[in-house]
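Close look at the chain arrangement
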Amino acid sequence: MAGNNLALYTFGIFRHPANDPSNQGFHDRNDLNFQIVEQSHGFVARSGYLDEPGPPSWGEQVFPRFYIERGDGWSPSTLSLWEDLASAVAFSYSGVHAEALKHGREWFLKPAWPPYVLWWVDASHRPTWQEAVVRHEFLHDQGACPFAFDFKSPFDREGKQTSIDRKAVRSKALLNETRQKNFV
């Protein structure tokens, strides 16, 4: 199963409608985060969004049942593929993205749902938004297992519970930070 990729779906709900001035800090960081993720060590691909510039969308974007309509028809979510757990952790919790996470409480409702879900896919497979939502809701309803998990309870490619290699995360985070200096 060495040809598998790690799928990562994130989902949040703004405290206020998307165009509210309170969300400007999120919007100001969004394009930079997308540029940096694509340069991150271990990044494979990400879905774009229908009718927006960037990579093609992996199907119609849908949202989990936790979605709250705020009059703007969307909620921040991402869908990406990674080579391994360490690469996804390194991007998520270091550099520019980690700085943005520190402001999450300013922009987003405190979730009563998982803020993200992970699962392994065949290297030739591009998960759809619908598939991501199914996994996300499963993690909320059933808890972590090989079908849907998080960084706190990760599973390896073979479906066995594992731990995250913190040394590999630090190494990849340093590589990412070096690359990020070209953007900031």
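Residues numbered from 1 in each chain as written. Predicted model: local features only at pLDDT ≥ 70, side-chain atom pairs only at ≥ 80, totals over all residues. Heavy atoms only, no water.

Examining the environment of leucine 109
Note the cut-off: Counting from the N terminus, the helices are DSSP H or I runs at least four residues long and the strands are E runs at least two residues long. Any two residues whose heavy atoms approach within 4.5 Å are treated as being in contact.
When you line up the elements, leucine 109 lands in the loop between helix H4 (104-107) and strand S4 (116-122). Sequence separation of leucine 109 and histidine 16 is 93 residues, and the distance between their C-alpha atoms is 8.9 Å. The contacts of leucine 109, once residues within four sequence positions are left out, are Ile13, Phe14, Arg15, Ile68 and Arg70.

A closer look at the packing of aromatic side chains
Stated precisely, the cut-off is as follows: What counts as a ring pair is set by centres within 6.5 Å for rings of Phe, Tyr and Trp (its six-membered ring), and what kind of pair is set by the plane angle: stacked under 30 degrees, edge-to-face over 60, tilted for all other angles. Burial classes: relative accessible area under 20% of the type maximum marks a residue as buried, over 50% as exposed, and values in between as partly exposed (1.4 Å probe, protein chains only). Two limits define a charge over a ring: the Lys NZ or Arg CZ must be within 6 Å of the ring centre, and within 35 degrees of the ring normal.
The final tally for this structure, using the stated rule, is 19 aromatic pairs. A ring pair is formed by tyrosine 93 and phenylalanine 151, whose centres lie 5.8 Å apart and whose planes are at 75 degrees; its orientation type is edge-to-face. Residue tyrosine 93 is located in the loop between helix H2 (85-92) and helix H3 (95-101), and its partner phenylalanine 151 is located in the loop between helix H5 (129-142) and helix H6 (166-180); the two are separated by 58 residues in the primary sequence. With relative accessibility at 46%, the residue tyrosine 93 sits in the partly exposed group. Looking at phenylalanine 151, the relative accessible area reads 10%, which means it is buried. Aromatic ring contacts, followed pair by pair, group Phe11, Phe63, Phe66, Tyr67 and Trp113 into a single cluster. We note arginine 46 situated over the ring of phenylalanine 34; from NZ or CZ to the ring centre the distance is 3.9 Å. Over the aromatic face of phenylalanine 147 sits the side chain of arginine 135, whose NZ or CZ is 3.9 Å from the ring centroid.

Re the sheet that holds strand S2 (residues 43-46)
Test applied: Two strands make a pair as long as DSSP finds a minimum of two bridges between them. Every axis corresponds to a line fitted to the C-alpha atoms, with the helix fit spanning only the stretch in contact, and the corresponding angles, defined between N-to-C directions, vary from 0 to 180 degrees.
If you trace the 4 strands from one edge of the open sheet to the other, you get S2-S3-S1-S4, paired in antiparallel fashion. In the strand order of this sheet, the two ends are held by S2 and S4, each with one partner. Strand-to-strand twist in this sheet, taken as the mean axis angle between neighbours without regard to direction, amounts to 25 degrees. On the sheet, helix H1 (residues 24-39) packs against S2 and strand S3 (77-82) and is oriented at approximately 135 degrees with respect to S2. On the sheet, H5 packs against strand S1 (4-11), S3 and S4 and is oriented at approximately 125 degrees with respect to S4.

Description of the nonpolar core
Quick note on the threshold: Nonpolar cores were defined as sets of buried Ala, Val, Leu, Ile, Met, Phe, Trp, Tyr and Cys residues, with membership established by side-chain atoms within 4.5 Å.
In this structure, Leu6, Tyr9, Trp82, Leu118, Trp119 and Phe151 are the most contacted members of the largest nonpolar core, which totals 44 residues. Elements that contribute at least two residues to this core include exactly S1, H1, S2, S3, H2, S4, H5 and H6.

What to know about the pattern of salt bridges
Once the charged atoms of two side chains with opposite charge are near each other, the side chains can pair. Cut-off, in case you're wondering: We define a salt bridge as a contact between a side-chain nitrogen of Lys or Arg and a carboxyl oxygen of Asp or Glu at a distance within 4 Å.
Applying the stated criterion across every chain, the model contains 6 salt bridges. A salt bridge links arginine 46 to glutamate 38, with the nearest nitrogen and oxygen atoms 2.8 Å apart. On the basis of relative accessible area, arginine 46 is assigned to the buried category, the value being 12%. Linking glutamate 137 and arginine 65 is a salt bridge whose minimum nitrogen-to-oxygen distance equals 3.7 Å.

Section: unusual backbone geometry
Of note in the backbone geometry, aspartate 51 takes a positive phi value of approximately 65 degrees without being a glycine. With respect to the secondary-structure elements, aspartate 51 resides in the loop between S2 and S3.

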